[in-house]
Amino acid sequence: MNEREHRNMETMQRMSDGFRRHDVDAILDCFAPDGRFEITEGPDPWGERFQGKPAIRKALEALFSGIADVQFVDSRNWVAGDRGASEWTCVGTTAKGRPIRVRGCDLFEFKDGLILCKDSYFKRVRPRQA
């Protein structure tokens, strides 16, 4: 791993630590000022896009208030140049008491050691049929 990849991996780790603590400021410190966070659902083919730290803050605060116990576990991260990926399992309980356990991943773009884009995907889970 070269110096740039090592720096990008450290950024991913700092962001993951922020998610573990639900520390919005720590997560935002990992994003470029004009960074993008694209979530899995929304009105466009890329889901919903939050661009810039104020918009990303609102998305993160909504996540942490809507799923107060959310955690991303069983993660694996890797980088190649200024691109990265993270696989994880999202676990938690919705505000309506529904448990969540879903596999997902993020695709990253980095610039100068900061996240330029975090593009999230996850599996659609449906009830098992008897």
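It should be noted that the structure appears before, not after, this text.
Residues numbered from 1 in each chain as written. Predicted model: local features only at pLDDT ≥ 70, side-chain atom pairs only at ≥ 80, totals over all residues. Heavy atoms only, no water.

Engineer: An account of the nonpolar core is needed here, citing residue identities and associated values.
Structural biologist: The biggest cluster of nonpolar side chains holds 24 residues, and the ones touching the most others in it are Met 15, Ile 27, Phe 37, Ile 56, Leu 60, Phe 64 and Ile 115. Every residue in contact with Phe 64, bar those within four places of it in the chain, is listed here: Phe 19, His 22, Val 24, Ile 27 and Val 70. (Core = buried A, V, L, I, M, F, W, Y, C linked by side-chain atoms within 4.5 Å. Buried < 20%, exposed > 50% of the residue type's maximum accessible area, 1.4 Å probe, protein only. Contact = heavy atoms within 4.5 Å.)

Engineer: Lay out the side chain of Glu 5 in plain terms, naming residues and giving numbers.
Structural biologist: Looking at where Glu 5 falls in the secondary structure, it is placed in helix H1 (residues 3-21). It turns out Glu 5 is buried and unbridged, and the closest side chain with the opposite charge, Arg 4, is 5.6 Å from it. For Glu 5, the residues in contact, after removing those within four places along its chain, are Val 79, Ala 80 and Gly 81. (Helix = DSSP H or I, 4+ residues; strand = E, 2+ residues; numbered from the N terminus. Lys, Arg positive; Asp, Glu negative; His and termini not counted. Salt bridge = Lys/Arg side-chain N within 4 Å of Asp/Glu carboxyl O.)

Engineer: Any details on the sheet that holds strand S4 (residues 83-93)? Residues and values, ideally.
Structural biologist: One open sheet holds the six strands; their spatial order is S2-S1-S6-S5-S4-S3, and the pairing between them is mixed. Edge strands, defined here as strands with exactly one partner in the open sheet, are strand S2 (47-51) and strand S3 (71-80). Sheet twist, expressed as the mean angle between neighbouring strand axes with direction ignored, is 20°. In terms of strand pairing, strand S5 (residues 99-111) meets strand S6 (residues 114-122) through eight bridges, oriented antiparallel. Bridging from a neighbouring strand, Phe 110 pairs with Ile 115 of S6. Where H1 meets the sheet, its contacts fall on S3, S4, S5 and S6, and the angle it forms with S3 comes to roughly 170°. Along the sheet face, helix H3 (residues 53-66) touches strand S1 (31-44), S2, S3 and S4 and points at about 50° away from the line of S1. (Pairing = 2+ DSSP bridges. Axes fitted to C-alpha atoms, helices over the stretch in contact; angles between N-to-C directions.)

Engineer: Kindly report on the layout of surface pockets, identifying the contributing residues and their values.
Structural biologist: When its volume is computed, the largest pocket comes out at roughly 1100 Å³. Looking at the largest pocket, it is lined by 38 residues, and the ones nearest its centre are Leu 63, Phe 72, Trp 88, Cys 90 and Phe 122. Counting residues per element, the ones that place at least two in the lining of the largest pocket are H1, S1, H3, S3, S4, S5 and S6. Taken together, the residues of the lining of the largest pocket sort by class into 20 nonpolar, 10 polar and eight charged. (1 Å grid on protein atoms, 1.4 Å probe; cavity = no way out; pocket = protein on both sides within 12 Å on 5 of 7 lines; lining within 4 Å. Points joined across faces, edges and corners; volume = space filled by probe spheres on them. Nonpolar A, V, L, I, M, F, W, Y, C, P; charged D, E, K, R; others polar.)

Engineer: Tell me about H3, and name the residues and values.
Structural biologist: Because each turn of an α-helix spans 3.6 residues, side chains separated by three or four positions in sequence point in the same direction. For H3, spanning 14 residues, the distance from its first C-alpha to its last is 20 Å, which sits close to the expected 20 Å at 1.5 Å a residue. Those residues of H3 lying buried are Ile 56, Ala 59, Leu 60 and Phe 64. Taken end-on, H3 shows its buried residues confined to a sector of 130°, consistent with a single buried face. Opposite the packed face of H3, turned more than 90 degrees from it, sit the exposed residues Pro 54, Lys 58 and Ser 65. Looking at the packing, one finds that the buried side of H3 touches H1, helix H2 (24-28), S1 and S2. (Expected span 1.5 Å × (residues − 1). Arc of directions from axis to C-beta.)

Engineer: Describe in detail the pairing of S6, supporting the description with residues and values.
Structural biologist: Regular strands place their side chains on alternate faces of the sheet. Where S1 meets S6, four bridges bridge the pair, whose relative direction is parallel. Among the inter-strand pairings, Arg 36 is bridged to a residue of S6, identified as Cys 117. If you look at the hairpin formed by S5 and S6, you'll find two residues sitting between the two strands, and Asp 112 has a positive phi there, around 55°.

Engineer: Describe the environment of Asp 34, naming the residues involved and giving the relevant values.
Structural biologist: With respect to the helices and strands, the residue Asp 34 is situated in strand S1. Expressed as a C-alpha distance, the spacing of Asp 34 and Asp 74, which sit 40 residues apart in the sequence, is 29 Å. Not counting residues up to four positions away in its chain, the partners in contact with Asp 34 are Gln 51, Gly 52 and Leu 116.

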